[in-house]
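So you can see what is in the structure, the chains are spelled out below.
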There are 2 protein chains.
Amino acid sequence: MAQKPSIPKGTRDFNPEQVAKRNYIFNTIRGAFETFGFQPIETPSFENSDTLMGKYGDEGDRLIFKILNSGDYFDKIKNGILSAIRIGEMFYLELSKDEINSIDWLRRESRNQIVQNFLKVSKHGGKNSIKNLPPDDVLDYIISTIHGNYRNLESSPSDDERQKVFADIYANTFLNIKSNSITPSISEKALRYDLTVPFARYVVQHQNEIEFPFKRYQIQPVWRADRPQKGRFREFFQCDADVVGSKSLWQEVEFIQLYDTVFSALKLDGVTIKINNRKILSGIAEVIGASDKLIDFTVALDKLDKIGEEKVKEEMLSKGISEDGISKLQPLFTLSGAFESQIESLKGILSSSQEGLKGIEELSFINNAISALGLSTSTLQLDVTLARGLNYYTGAIFEVSAPETVKMGSIGGGGRYDDLTGIFGMKNVSGVGISFGLDRIYLVLEELGLFPETVTKNVEVLFINFGDNEALFSLKAIKQLRLQGINAELYPDTAKMKKQMNHANKRQIPFVVLVGDQEIESNTYTLKNMISGEQDKVSLETLMSKIKKS
Amino acid sequence: MAQKPSIPKGTRDFNPEQVAKRNYIFNTIRGAFETFGFQPIETPSFENSDTLMGKYGDEGDRLIFKILNSGDYFDKIKNGILSAIRIGEMFYLELSKDEINSIDWLRRESRNQIVQNFLKVSKHGGKNSIKNLPPDDVLDYIISTIHGNYRNLESSPSDDERQKVFADIYANTFLNIKSNSITPSISEKALRYDLTVPFARYVVQHQNEIEFPFKRYQIQPVWRADRPQKGRFREFFQCDADVVGSKSLWQEVEFIQLYDTVFSALKLDGVTIKINNRKILSGIAEVIGASDKLIDFTVALDKLDKIGEEKVKEEMLSKGISEDGISKLQPLFTLSGAFESQIESLKGILSSSQEGLKGIEELSFINNAISALGLSTSTLQLDVTLARGLNYYTGAIFEVSAPETVKMGSIGGGGRYDDLTGIFGMKNVSGVGISFGLDRIYLVLEELGLFPETVTKNVEVLFINFGDNEALFSLKAIKQLRLQGINAELYPDTAKMKKQMNHANKRQIPFVVLVGDQEIESNTYTLKNMISGEQDKVSLETLMSKIKKS
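This one's a predicted model, so the numbers in the text were calculated from it and none came from an experiment.

Of the regular secondary structure elements, chain A holds 23 helices and 16 strands. Of the contacts formed within chain A by residues at least 6 apart in sequence, a portion of 70% connects residues at least 24 apart.

Considering the arrangement of structural elements, one finds Arg12 of chain B in the segment before α1 (16-35). Among the polar contacts made by the side chain of Arg12 of chain B, one reaches the main-chain carbonyl oxygen of Glu235 of chain B at a distance of 3.3 Å. Among the polar contacts listed, one links the side chain of Arg12 of chain B to the side chain of Asp439 of chain B, at a separation of 2.8 Å. With residues up to four places along the chain from it excluded, the contact list for Arg12 of chain B reads Glu42, Thr43 and Pro44 of chain A together with Ile7, Arg22, Phe233, Glu235, Phe236 and Asp439 of chain B.

Turning our attention to the sheet that holds strand β8 (residues 379-382) of chain A. Sheets are built from strands paired through backbone hydrogen bonds, the pairs being either parallel or antiparallel. Residue and element names in this part refer to chain A. Overall, mixed pairing links the eight strands, which are arranged β1-β5-β6-β11-β10-β9-β7-β8 in an open sheet. With partners counted over all chains shown, the strands left at the sheet margins are β1 (39-40) and β8, one partner each. Of the strands in this sheet, β5 (214-223), β6 (235-244), β7 (272-277), β8, β9 (396-401), β10 (410-417) and β11 (431-436) touch helix α11 (residues 250-265), which is tilted by about 10 degrees from β11.

All right, on to the relation of the copies chain B and chain A then. Two chain copies here: they are related by a rotation about an axis and a translation along the same axis. Superposing chain B onto chain A takes a rotation of 180 degrees combined with a translation of 0.0 Å along the rotation axis, leaving an RMSD of 0.3 Å. Seen this way, the second copy is the image of the first under a two-fold rotation axis. Within chain B, the C-alpha atom positioned nearest to the axis of rotation is that of Ala171 of chain B, 1.7 Å from it. In this assembly the copies share their binding face: 99% of the residues contributing to the interface of chain B also contribute to that of chain A.

With that settled, consider the interface of chain B and chain A. At the interface, 111 residues of chain B touch 110 residues of chain A. Of the roughly 9600 Å² buried between chain B and chain A, counting both surfaces, carbon and sulfur atoms make up 58%. The interface formed by chain B and chain A contains eight salt bridges. With a closest N to O distance of 3.7 Å, Lys506 of chain A and Glu211 of chain B form a salt bridge. Along the contact surface separating chain B from chain A lie 50 residue pairs in polar contact (both at pLDDT 80 or more). Top contributing element to the side of chain B that touches chain A by residue count: helix α20 (residues 468-483) of chain B, with seven residues. Grouping the constituent residues of the side of chain B that touches chain A by class yields 53 nonpolar, 29 polar and 29 charged.

Before going further, it helps to spend a moment on unusual backbone geometry. Backbone torsion omega between Phe212 of chain A and Pro213 of chain A reads -10 degrees, so that peptide bond is classified as cis. Its identity as a non-glycine residue notwithstanding, Lys267 of chain A has a phi of 60 degrees, on the positive side.

Take the packing of aromatic side chains next. Residues and elements named next belong to chain A. A complete count under the given rule lists 38 aromatic pairs over all chains for this structure. Aromatic pair Phe33 and Tyr217: ring centres 5.2 Å apart, planes at 45 degrees, arrangement tilted. Taken as a pair, Phe33 in helix α1 (residues 16-35) and Tyr217 in strand β5 lie far apart in primary sequence, 184 residues in all. Neither residue differs from the other here; Phe33 and Tyr217 are each classed as buried. Taken together, a centroid distance of 5.3 Å and an interplanar angle of 25 degrees make the contact between Phe473 and Tyr525 stacked.

This brings us to the UniProt feature "domain: Anticodon-binding" (unreviewed entry) in chain A. In this structure's numbering, the residues bearing the UniProt feature "domain: Anticodon-binding" (unreviewed entry) are residues 474-549 of chain A. Along residues 474-549 of chain A, the helical share is 47% and the strand share 21%, with 21 Å between the first and last C-alpha atoms.

In this section: the packing of α1 of chain B against helix α19 (residues 438-447) of chain B. Residues and elements named next belong to chain B. In contact at an axis separation of 10 Å, α1 and α19 are set at 110 degrees when each is read in the N-to-C sense. If you check the angle between α1 and α19, you find them roughly perpendicular. Two secondary-structure elements touch here, α1 through Gln18, Lys21, Arg22, Tyr24, Ile25 and Phe26 and α19 through Leu438, Asp439, Ile441, Tyr442, Leu445 and Glu446. Considered class by class, the residues forming the contact of α1 with α19 number seven nonpolar, one polar and four charged.

Relative orientation of the contacting elements helix α8 (residues 159-175) of chain A and helix α8 (residues 159-175) of chain B amounts to 50 degrees, with a least axis distance of 8 Å. Classified by the angle their axes make, α8 of chain A and α8 of chain B are oblique. Between α8 of chain A and α8 of chain B lies a crossing whose hand is left-handed. Contact with α8 of chain A, carried on its side by Ala167, Asp168, Tyr170, Ala171, Phe174 and Leu175 of chain A, involves Ala167, Asp168, Tyr170, Ala171, Phe174 and Leu175 of chain B of α8 of chain B and no other residues of that element. Of the residues that constitute the contact of α8 of chain A with α8 of chain B, the class distribution is 10 nonpolar, no polar and two charged.

Next up on the list: α20 of chain B. Residues and elements named next belong to chain B. Spanning 16 residues, α20 covers 22 Å between terminal C-alpha atoms, matching the ideal 22 Å at 1.5 Å per step. Every buried residue of α20 is listed here: Glu470, Ala471, Leu472, Phe473, Ser474, Leu475, Ala477, Ile478, Leu481 and Arg482. At the C-terminal side of α20, Gly485 shows a positive phi close to 80 degrees.

Let's shift gears to the sheet that holds strand β13 (residues 488-490) of chain B. Residues and elements named next belong to chain B. The strand order β13-β12-β14-β15-β16 describes an open sheet built from five strands, whose pairing is mixed. Lying at the two open borders of the sheet, with one neighbouring strand each, are β13 and β16 (535-538). Strand-to-strand twist across the sheet, computed as the mean angle between neighbouring axes with direction ignored, equals 25 degrees. As defined by bridge partners, strand β14 (residues 511-514) adjoins strand β15 (residues 525-529) across four bridges and the pair is classed as antiparallel. Bridge pairing in β15 links Phe511 to Asn529. Sitting on the sheet, α20 touches β12 (461-463), β13 and β15, and the angle it makes with β13 is about 165 degrees.

Let us look at the pairing of β5 of chain A. Residue and element names in this part refer to chain A. Of all 10 residues in β5, 10 are buried, a share of seventy percent or more. Of the two faces of β5, the one carrying Phe214, Arg216, Gln218, Gln220 and Val222 and the one carrying Lys215, Tyr217, Ile219, Pro221 and Trp223 are both buried. Here β1 pairs with β5 via two bridges, running parallel. Across the sheet, Pro40 pairs through a bridge with Tyr217, a residue of β5.

This next bit is on the environment of Gln484 of chain B. All names here are of chain B. By secondary structure assignment, the location of Gln484 is in the loop between α20 and β13. Given the relative accessible area of 41%, Gln484 is considered partly exposed. As a C-alpha pair, Gln484 and Met544 span 60 residues in sequence and 8.3 Å in three-dimensional space. Every residue in contact with Gln484, bar those within four places of it in the chain, is listed here: Met544 and Lys548. Looking at Gln484, its side chain comes within polar contact range of the side chain of Lys548, at 3.0 Å.

The rules behind each value
- Residues numbered from 1 in each chain as written.
- Chains lettered and ligands numbered in written order.
- Predicted model: local features only at pLDDT ≥ 70, side-chain atom pairs only at ≥ 80, totals over all residues.
- Heavy atoms only, no water.
- Helix = DSSP H or I, 4+ residues; strand = E, 2+ residues; numbered from the N terminus.
- Contact = heavy atoms within 4.5 Å.
- Polar contact = N/O pair within 3.5 Å; in protein donor to acceptor, adjacent residues only side chain to side chain.
- Pairing = 2+ DSSP bridges.
- Axes fitted to C-alpha atoms, helices over the stretch in contact; angles between N-to-C directions.
- Least-squares fit on C-alpha atoms with pLDDT ≥ 70 in both.
- Buried area = accessible area lost by both parts, 1.4 Å probe.
- Salt bridge = Lys/Arg side-chain N within 4 Å of Asp/Glu carboxyl O.
- Nonpolar A, V, L, I, M, F, W, Y, C, P; charged D, E, K, R; others polar.
- Phe/Tyr/Trp six-rings, centres within 6.5 Å; stacked < 30°, edge-to-face > 60°.
- Buried < 20%, exposed > 50% of the residue type's maximum accessible area, 1.4 Å probe, protein only.
- UniProt positions renumbered as here; feature names shortened; annotations may be inferred.
- Parallel < 35°, antiparallel > 145°, perpendicular 65-115°, else oblique.
- Left-handed = near helix turned anticlockwise from the far one by under 90°.
- Expected span 1.5 Å × (residues − 1).

Here is the structure:
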């Protein structure tokens, strides 16, 4: 392999500067999470497939990275298909035509029934034949083909006829294998797609060890087989904080404070924390008589900024929302201004919807608390068009926008979901949480020049290597510097001085120390400031304090 | 899915306490890496399969987790097989028996030739038929079956005969699919197996941006489909530091200091840093006339501790090492004591081997430097039986043992490899590096009770929630505490006081604050020390200083 190696599309290498900048963001978020009382957990990179599959919709299932089973995975499929065909073969050899037709396999309805039919058959096919059944649709194909070939015969087929038919079945069965139907047979593990489902799994699995309400944070990578594009990767980190086991709205209040705390600590002033409530959206849909069209309604409303009032109305009309209903929305289209005044308008619109009024009550509570507590650098904004995650959020919905000067989508989001752990059989556990979008925050900080210079500081002083004696003398000093927490190193080879000085320059090391016979004799060090060019012969203590001060 | 969820075998969930303890180790190692001038990089969790496959031997290849391609991966295999069979079919319909036999497919030697033969055929088979050829052995099977069926015919086969033969071929080809031959067709990415090969790939890929010598560290998880057992996991972290681009022995010296620094910082006193040199082992093999039996020789020597001198000699004899040779080893069996005296004995044994003497010179240099610099809590020990990684290490070999009081294998290891990046076509780049075994270090610290208590400290103070007014008053104080870096939280619900106090106890939160009407009126806080039971009404400033002091 002499060609230059590469990495899979959608993945990234991070060089030292990038790692340092990413860690700066991670550490800031982690620090805030901890002062707010969240505790870290970590879950495995891959989960059992059935933990993840079916939790993110069909599109999500498709985007989950599956891990191939170890060992002879194809054998399992082969043997399953073979035993299914063989059982079929034996079955038809032994049964009469009447018996065959009396089993109405063509009208079976469920996997269970197919398996039951095969279990009957397996009396003929031997004890172990039923162990590895092929995937449903392959099994289905085998059964209907056998049935189709034999149902019209007057008597049992001749050996020759049978052989010919089964040769076709063998060949065609394999040609009928579909990737998505055999995937569960050859892959039983999959890479984490987000941190929420693994967290729900964790809570259910460890429910007896957990003290609720449980405030956890988790900062780990996730993987999605999405088409890579600018800013969208196949491996990326999520930074999530969630509370489970309490319905208190104080948590929504604290999550808004948490966003404000993190972005203030990152010096990213002027972010907008948008909030909405699913109950408001449901209430509006109810009021306009479109409760059954909640998604259509919110999808259209969400476009208000982009396509304007008229087009939104047209879209709603085309989705079957009545003119009368749409006319009731009029106040919504002109909704703007302060949180409180928006709330007042909403009260008018939603006066006849109990759910809607509940939503208003929740939003008011949160807004009043935030007003009383104050935010440092962010603004809380009510946005009734905000409709992310409507499939799972049941109360508050959050989304954070970068300051208006930066073109960037949302840099964070979250909400409340009333039945987080229900998918794993643990009912009535309410959760609420938020997430930080690391990659986008990185891009915003980069664009605005907000990474502190000290973040990328690495080695502070390089000792030039003039020979073994000098190196040993230097390493004694270096040992002391390191004990003081100063990042120091010795150039490993006795290369030309110019090369060593260049090395210091290229790596932007601010200090260089030169040690020759004179220095060893007088127990001193020649310290050169690589920025000012200043050069001094100093003691070890002075050396340390000069580097520390810089 | 109502059954309790689980995680894949060999993987782990980490609870808050475990994460905190693991991070303590990571941070200690990271801090030492940085004071020694190493810079962090990160690489993707999965690499292109051809970056990893073939780098760890057959066993390694087997243990690499492969990621299933997205989309209809089986279609590719199906279409490849179908086009191969169809081309064969057409080919044989059109060619005479003589033409068929004149192409000596049964004696073809390489994939390339098979493809060439198919390319000839593809003139008959259409333009695109050659695009997705099936895996080599499947292709081979198809070709030889077709050939075998037709070579003995007197003339072109009848349609019936042809059909029957090809029905068999269709069926049997799929039955002949072997998992490991189709894996490259359905999986093009694989999870990282270690950090060394991705690092080598990184260095080659980014060679123009890197300033050499390049000192990098990398702390990331790796995955191995190994049989899980006590202390062996399928997902685990590696912590590696390596230098590439210099052959200086000062680096070996610094790596020994680095081990000492990390274990001293972890308060794990008394570890033994064992060192050996491949050149010593080669030299001994040379001296006893067993240069071609280096591995057999070292495998036997490595067992000295366990099976004793006589058994080792027997094993060497059985591997074909001469009695005369073995007798020259005598001084080796009694080798012990100080580094210097071992070196002296080795000089005697190795006097006739240039390579061996070079190894001695290197070891002496390192030992002299370490003696002059001193180690804080570790001991450097020469161990000529140390033979790990002999497949790739070319100079120094390191292994670190936990203090003798703890039963535990090695907790770190490393060495020098003279051609790290050669596998990716970049020659003559020497590397040397060490690794820390996180999981084992964790177990050792746990067993010896060396985790500092502060490591698992999380929330320092819980405010009891008596109602919305009290909660808001509390949150104002909590905001101030958090700004001071104090981890503080409000109990989210107005549950019974006993329940809230129990929550504080279960989570081992040391302070609780009670805020009622009285406190709000007097702008004070009732602070309860949960350990002493002491209770005081204090101002916010006193509250802060009491918590900080604890």
